[in-house]
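# Per-entry structural report
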Amino acid sequence: MTELGQRLKEARNDKGLSIEEVQSITKIQKRYLHAIEEGNYELLPGNFYTRAFIKNYAEAVGLGGEELLEEYASEIPKASTDVPENLPPRKMRRPTSPSKTASKWSSVFPSVLVVLVLVGVAAIIWFVVQNGDEKTNQTATTNQVEEQVSSDENSSNAPSSDEVSNSAKPEEPADQPEEEAKDQSSDEEKSSEEKPEEEPEEEPEPEMAIKKVDGNSSSSTYELSNTDKYEVKLEAKGGSWVALTGASDKKYVYKSLKKGEKITHDLTSESSASLRLGSSPNVSVFVNGEKIDIPTEPVVQNVTLNLKKSE
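One structure accompanies this document, and this report is about it. (Residues numbered from 1 in each chain as written. Predicted model: local features only at pLDDT ≥ 70, side-chain atom pairs only at ≥ 80, totals over all residues. Heavy atoms only, no water.)

What follows deals with the packing of helix α1 (residues 3-14) against helix α4 (residues 47-60). Two elements in contact, α1 and α4, have axes separated by 9 Å at closest approach and are oriented at 30 degrees. One finds that α1 runs roughly parallel with respect to α4. The two elements α1 and α4 meet at a crossing, and its hand is left-handed. Across the interface between the two elements, Leu 4, Leu 8, Lys 9 and Arg 12 of α1 pack against Ile 54, Tyr 57 and Ala 58 of α4. Within the contact of α1 with α4, the residues separate by chemical class into five nonpolar, no polar and two charged. (Axes fitted to C-alpha atoms, helices over the stretch in contact; angles between N-to-C directions. Helix = DSSP H or I, 4+ residues; strand = E, 2+ residues; numbered from the N terminus. Parallel < 35°, antiparallel > 145°, perpendicular 65-115°, else oblique. Left-handed = near helix turned anticlockwise from the far one by under 90°. Contact = heavy atoms within 4.5 Å. Nonpolar A, V, L, I, M, F, W, Y, C, P; charged D, E, K, R; others polar.)

Before going further, it helps to examine empty space enclosed by the protein. Evaluation of the coordinates by the stated rule reveals one cavity of 30 Å³ or more. Quantified by volume, the largest cavity comes out at close to 40 Å³. Taken together, Ile 210, Tyr 222, Glu 223, Leu 224, Val 287, Ile 292, Leu 305 and Asn 306 make up the lining of the largest cavity. Residue assignment for the lining of the largest cavity shows that the elements contributing at least two residues are β2 (219-225) and β10 (301-308). In terms of residue count, β2 provides more of the lining of the largest cavity than any other element does, three residues in total. For the lining of the largest cavity, the class distribution of residues is six nonpolar, one polar and one charged. (1 Å grid on protein atoms, 1.4 Å probe; cavity = no way out; pocket = protein on both sides within 12 Å on 5 of 7 lines; lining within 4 Å. Points joined across faces, edges and corners; volume = space filled by probe spheres on them.)

With an omega of -5 degrees, the peptide bond between Glu 297 and Pro 298 qualifies as cis. With respect to the secondary-structure elements, Pro 298 resides in the loop between β9 (290-292) and β10. Although it is not a glycine, Asn 226 adopts a positive phi angle of roughly 60 degrees. On the accessibility criterion, Asn 226 (34% relative accessible area) is partly exposed. (Buried < 20%, exposed > 50% of the residue type's maximum accessible area, 1.4 Å probe, protein only.)

It is worth spelling out the sheet that holds strand β8 (residues 283-287) at this point. Strand order in this open sheet of four strands is β6-β3-β8-β9, and the pairing throughout is antiparallel. In this open sheet, the two edge strands, each paired with only one partner strand, are β6 (262-266) and β9. Between one strand axis and the next, the sheet turns through 25 degrees on average, direction left out of account. Pairing of strand β3 (residues 231-236) with β8 involves five bridges; the strand directions are antiparallel. Along β8, the bridge assignment pairs Val 232 with Val 287. (Pairing = 2+ DSSP bridges.)

Our focus in this paragraph is the side chain of Arg 12. As for its position among the elements, Arg 12 is in helix α1. In this structure, Arg 12 is in contact with Leu 17, Ser 18, Ile 19, Val 22, Glu 37, Tyr 57 and Val 61, ignoring residues within four places of it in sequence.

Here we come to a nonpolar patch on the surface. Among the surface-exposed residues, Phe 109, Leu 113, Val 117, Val 121, Ile 125 and Val 129 lie close enough to one another that they form a single nonpolar patch of about 510 Å² accessible area. Position of Val 117 among the secondary structure elements: in helix α6 (residues 98-154). Classification of Val 117 as partly exposed rests on a relative accessible area of 47%. (Patch = residues over 30% accessible without salt bridge, like charges linked within 9 Å, V, L, I, M, F, W, Y side chains within 5 Å. Areas by Shrake-Rupley, 256 points an atom, 1.4 Å probe, with all protein chains shown as cover. Salt bridge = Lys/Arg side-chain N within 4 Å of Asp/Glu carboxyl O.)

This brings us to the pattern of salt bridges. Throughout the structure, instances matching the rule amount to six salt bridges. For Glu 235, the salt bridge goes to Lys 233, with nearest N and O atoms at 3.1 Å. Lys 233 gets classed as partly exposed once you look at its relative accessible area, which sits at 29%.

Further remarks concern the pairing of strand β1 (residues 209-215). Bridge count for β1 against β2 is six bridges, and the pairing is antiparallel. From the neighbouring strand, Lys 211 faces β2, where its bridge partner is Glu 223. Here β1 hands over to β2 after three residues, the two strands then running antiparallel side by side.

Another aspect to go through is the environment of Leu 275. In this fold, Leu 275 is placed in strand β7 (residues 272-277). Between the C-alpha atoms of Leu 275 and Gln 301, which are 26 residues apart in sequence, the distance is 8.2 Å. Ignoring any residue separated from it by four or fewer positions in sequence, one finds Leu 275 in contact with Leu 234, Val 242, Ala 243, Leu 244, Val 285, Gln 301, Asn 302 and Val 303.

Following this line, the structure appears as structure tokens:
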């Protein structure tokens, strides 16, 4: 076993993953994973795939793929001259004669130029006509308004200033007996006392919010606020290994999900939860029905979900 293989195997054991689980995460056959751990690179399909398989294996167990390739560059076969095998033969394309291409373009160019000129002239004419119509409509509208105002001012039916002042004066009420006045005032006081006070409008409760508070390329931290409910739903769009653990160290999910599989857990009793995705592009994560945008590069992602309960 090589030093690189020993390091990959130890990282896999530290994560508690079996060869089968790594195979499910990386889509690399188990026999190739064993060959990488044993250092038997000649069993792999080629130098190009050897480097790609080692990188994917490293990222699946939490190691940096590019850094590992550089660190063990002397041990890993180089892929500079490696070409994937069994590629279909490429069809030879007959080069186009430069003279034919030039002559074809020279015959088409005048027609294209004429079309562009005609389109430009038509656009200018349309712009001028549109501006002229708008100015004409504005002028006609202004003249109509001025004529209407002038006719209203000169109309003989307009009321005189004396009539307006007389009509604006309210009629003085006739003298009322003192007893009626007292009864009326007492009724007004009673009605004012019986009128219920308006209840203040209740302020709407703040809506639930999910925001990203920290993270890097392979790990993210989200905070859930303005809610007492904490429900996590996982939908598998493809195969992926998933681990969902609460703050109480309870493992809610710890297995490989198959395509189309859906899992929902109520984590209201937990203050936070940790989620590890072996293949993040294949799993959609929802919190209280709202989808969280989780990065897909690298494919292995660690997500922390903190619940900030409303007071």
